[in-house]
Amino acid sequence: PSAVLGHWRRASRTALGRWLFARMVCRKAPYFGTIKPRILELSPGIARVSMARRRGVENHIGSVHAIAMANLCELAAGMMMEATLPQELRWIPRGMTIEYLQKAKTDVTAIARLDKTGWSDGENIGVPVTAFDTDGKEVTRAVITMYVSRRSAS
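Keep in mind it's a predicted model, so treat the numbers as computed, not measured.

This part covers a nonpolar patch on the surface. On the surface, a nonpolar cluster with roughly 330 Å² of combined accessible area is contributed by Leu16, Trp19 and Leu20. Among the secondary structure elements, Leu20 is positioned in helix 2 (residues 15-28). With relative accessibility at 41%, the residue Leu20 sits in the partly exposed group.

Core analysis: the biggest nonpolar cluster contains 44 residues, and Leu42, Met51, Met81, Val108, Val127 and Val129 have the highest contact counts within it. Within the residue set of this core, elements represented by two or more residues are helix 1 (3-11), helix 2, strand 1 (38-43), strand 2 (46-51), helix 3 (66-84), strand 4 (108-113), strand 5 (123-133) and strand 6 (138-150). Those residues within four positions of Met81 in sequence are excluded, and the remaining contacts are Trp91, Leu114, Trp119, Val127, Met146 and Val148.

Take unusual backbone geometry next. The backbone of Lys36 sits at a positive phi, close to 50°, despite the residue not being glycine. Looking at the secondary structure, you find Lys36 in the loop between helix 2 and strand 1.

A separate point is helix 1. Along helix 1, the residues that are buried comprise Leu5, Gly6, Trp8 and Ala11. Check the buried side of helix 1 and you find it contacts helix 2, strand 1 and helix 3.

Ordered in space as 1-2-4-5-6-3, the six strands form an open sheet in which the pairing is antiparallel. What marks the edges here is a single partner per strand, and that holds for strand 1 and strand 3 (89-100). When the angles between neighbouring strand axes are averaged without regard to direction, this sheet yields 20°. Sheet analysis places strand 1 next to strand 2, joined by five bridges and oriented antiparallel. What sits directly across from Ile39, in strand 2, is Val49.

Here the structure, examined in full by the defined rule, presents one aromatic pair. On the numbers, 5.2 Å between centres and 65° between planes, the contact of Trp8 with Phe21 is edge-to-face. One end of the pair, Trp8, is in helix 1; the other, Phe21, is in helix 2, and 13 residues separate them in sequence. For Trp8, a relative accessible area of 5% puts it in the buried group. Above the plane of the ring of Tyr147 lies Arg94, whose end atom (NZ or CZ) is 3.9 Å from the centre. Taking NZ or CZ as reference, Lys116 lies 5.3 Å from the ring centre of Trp119, over its face.

With that out of the way, let us pick up the side chain of Ser149. Note that Ser149 resides in strand 6. What Ser149 contacts, discounting residues up to four positions off in sequence, is Glu88, Leu89, Arg90, Asp121 and Gly122.

Time to look at the environment of Trp8. Residues Trp8 and Ile39, 31 residues apart in the sequence, show an inter-C-alpha distance of 9.2 Å. Residues within four places of Trp8 in sequence aside, it is in contact with Arg18, Phe21, Ile39, Leu40, Glu41 and Leu42.

Take helix 2 next. Between its first and last C-alpha, helix 2 extends 20 Å over 14 residues, near the 20 Å set by a 1.5 Å rise per residue. Among the residues of helix 2, those classed as buried are Gly17, Phe21, Ala22, Val25 and Cys26. Where helix 2 is buried, its residues touch helix 1, strand 1 and helix 3.

The rules behind the values
- Residues numbered from 1 in each chain as written.
- Predicted model: local features only at pLDDT ≥ 70, side-chain atom pairs only at ≥ 80, totals over all residues.
- Heavy atoms only, no water.
- Patch = residues over 30% accessible without salt bridge, like charges linked within 9 Å, V, L, I, M, F, W, Y side chains within 5 Å.
- Areas by Shrake-Rupley, 256 points an atom, 1.4 Å probe, with all protein chains shown as cover.
- Salt bridge = Lys/Arg side-chain N within 4 Å of Asp/Glu carboxyl O.
- Helix = DSSP H or I, 4+ residues; strand = E, 2+ residues; numbered from the N terminus.
- Buried < 20%, exposed > 50% of the residue type's maximum accessible area, 1.4 Å probe, protein only.
- Core = buried A, V, L, I, M, F, W, Y, C linked by side-chain atoms within 4.5 Å.
- Contact = heavy atoms within 4.5 Å.
- Pairing = 2+ DSSP bridges.
- Axes fitted to C-alpha atoms, helices over the stretch in contact; angles between N-to-C directions.
- Phe/Tyr/Trp six-rings, centres within 6.5 Å; stacked < 30°, edge-to-face > 60°.
- Lys NZ or Arg CZ within 6 Å of the ring centre and 35° of its normal.
- Expected span 1.5 Å × (residues − 1).

See below:
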């Protein structure tokens, strides 16, 4: 498994470990800290990440801001890629298409899934992500395009 997946497997055994793992992710990629994510599930092919509805992620009408939901979707896709790719490969987001289906008035959970086992150097992969509110209503649907390539030898 990837180093990130190994860290998750150790950390996820306790609530404190899960909290610390999410803080480490936000330290590595600071912008994700703006949504204060909670990693709920991480394994090859799936990541489930949530954020609380709070003042810091709300828009002017009191629902979760569209860009906060986009941030959550990108994080879920990235975590899933980290857990899924062989260690000799890396990923970087290249693009995103996103639909905001309805206002999110509660906490939001994003789920990124990918059923792919064969990888090529220099390929673009579309990672589907769906976000739900606490009532189970789909509020956002995204496809994050990830560019997959070999890690440099350095």
